[in-house]
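Topology and contacts: notes
Given next are the chains, with one letter for each unit.
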Amino acid sequence: MGKILKCIVIDDEPLARGLLKAYVEKTPSLELLGCYESAADAVRIVMDGIADLIFLDINMPMLNGIDFATIVPTCTKIIFVTAYDSYAMQGFRVNALDYLLKPVSYSDFLKSVGRAIEWKSMKDAYTSSHNHDKTSPSMITIKVKNQLVQMRLDSIEYIEARNDRVILFRKGCDPLPSLMTLREIEEMLPSDTFMRVHRSFIVNIPLVEIVERNRIVFGKNYVPISDNRREEFLSRLGK
């Protein structure tokens, strides 16, 4: 089987960087594009968007991993690698795919790579189907626990990022928690019907019926509208 994921290693510790490099080189599904001792050194290749995956240290001088993650293209996923578990929540807030604690075992490394391969497979499948049908897709595939669930777009009222989970709220159905990040799901949604109205919420514009001050009403649930997104939202709503 050919290479699946092109990856980059960024870590200011030589031993940690060398270990990750060795792990990548002995994993058949990975192709190493480069190793860097600082995020600043890797900016050019990362911004080119050719990497699928970055193994990224957090506690680094000049530009730390959390700050660097905010400028990484959405087509590139991040697996944070750090000695400090206190950074875990910050990592997931910037949509990291996974979080590895040093010293990293090869078994844990492979589990994270497995998640990355699943994400890449889903992304490629969506891209392929979307290219065959130039109209907006009617369904998306969502990862839920150990399953892939096909979901009709017109059934989704809104999507919420809550702590370390993403929850999809559907008409006439129970909320559905997903293992995907809000950004991953947003990339799959047609932009002509879905809009992020708040950093933690995406709504299905055609299903919006009631807007009350700075929030959208879906039955007994409320979705806040950020001040900086309100004008665009109302414009798209035709108000």
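One can find the structure itself at the top, above this paragraph.
Since the structure is predicted, the reported quantities are computational estimates derived from the model, not experimental observations.

Before going further, it helps to examine the overall build of the chain. The secondary structure content of the chain amounts to 7 helices and 15 strands. For the chain, buried positions account for 46% of its 239 residues. Considering only contacts in the chain between residues 6 or more positions apart, those separated by 24 or more positions represent 52%. Surface exposure of the chain reaches about 12,800 Å², of which carbon and sulfur atoms provide 50%.

The next point concerns helix α2 (residues 39–47). Those residues of α2 that sit buried are Ala-39, Ala-42, Ile-45 and Val-46. Projection of α2 onto a plane perpendicular to its axis shows the buried side chains occupying an angular sector of 115 degrees, all on one side. Contacts from the buried residues of α2 go to β1 (5–10), β2 (30–36), β3 (53–57) and α3 (65–69). Residue Gly-49 follows α2 closely and has a positive phi angle near 75 degrees.

Tallied over the entire structure, the rule returns 10 salt bridges. Here Lys-102 and Asp-57 are joined by a salt bridge, their closest N and O atoms 3.6 Å apart. Of this pair, Lys-102 sits in the loop between β5 (98–101) and α5 (106–132) while Asp-57 is found in strand β3, placing the two residues 45 residues apart along the sequence. Like Asp-57, Lys-102 is buried. We note a salt bridge from Glu-160 to Arg-162, for which the minimum N-O separation is 2.9 Å.

The next subject is the sheet that holds β3. Across the sheet, which stays open at both edges, the 5 strands sit in the order β2-β1-β3-β4-β5 with parallel pairing between neighbours. For this open sheet the edge positions go to β2 and β5, each flanked by a neighbour on one side alone. The sheet shows a mean angle of 20 degrees between the axes of neighbouring strands, direction not considered. With 4 bridges joining them, β1 and β3 adopt parallel strand pairing. Looking at the pairing, Cys-7 lines up with Leu-53 of β3.

Now for the pairing of β3. For β3, the buried fraction is high: 5 of the 5 residues fall into the buried class. Side-chain alternation along β3 places Leu-53, Phe-55 and Asp-57 on one buried face and Ile-54 and Leu-56 on a second face that is also buried. For β3 and strand β4 (residues 77–82), the ladder comprises 5 bridges, and the chain directions are parallel. Bridged to Asp-57 within β4 is Val-81.

What counts as what
Residues numbered from 1 in each chain as written. Predicted model: local features only at pLDDT ≥ 70, side-chain atom pairs only at ≥ 80, totals over all residues. Heavy atoms only, no water. Helix = DSSP H or I, 4+ residues; strand = E, 2+ residues; numbered from the N terminus. Buried < 20%, exposed > 50% of the residue type's maximum accessible area, 1.4 Å probe, protein only. Contact = heavy atoms within 4.5 Å. Areas by Shrake-Rupley, 256 points an atom, 1.4 Å probe, with all protein chains shown as cover. Arc of directions from axis to C-beta. Salt bridge = Lys/Arg side-chain N within 4 Å of Asp/Glu carboxyl O. Pairing = 2+ DSSP bridges. Axes fitted to C-alpha atoms, helices over the stretch in contact; angles between N-to-C directions.

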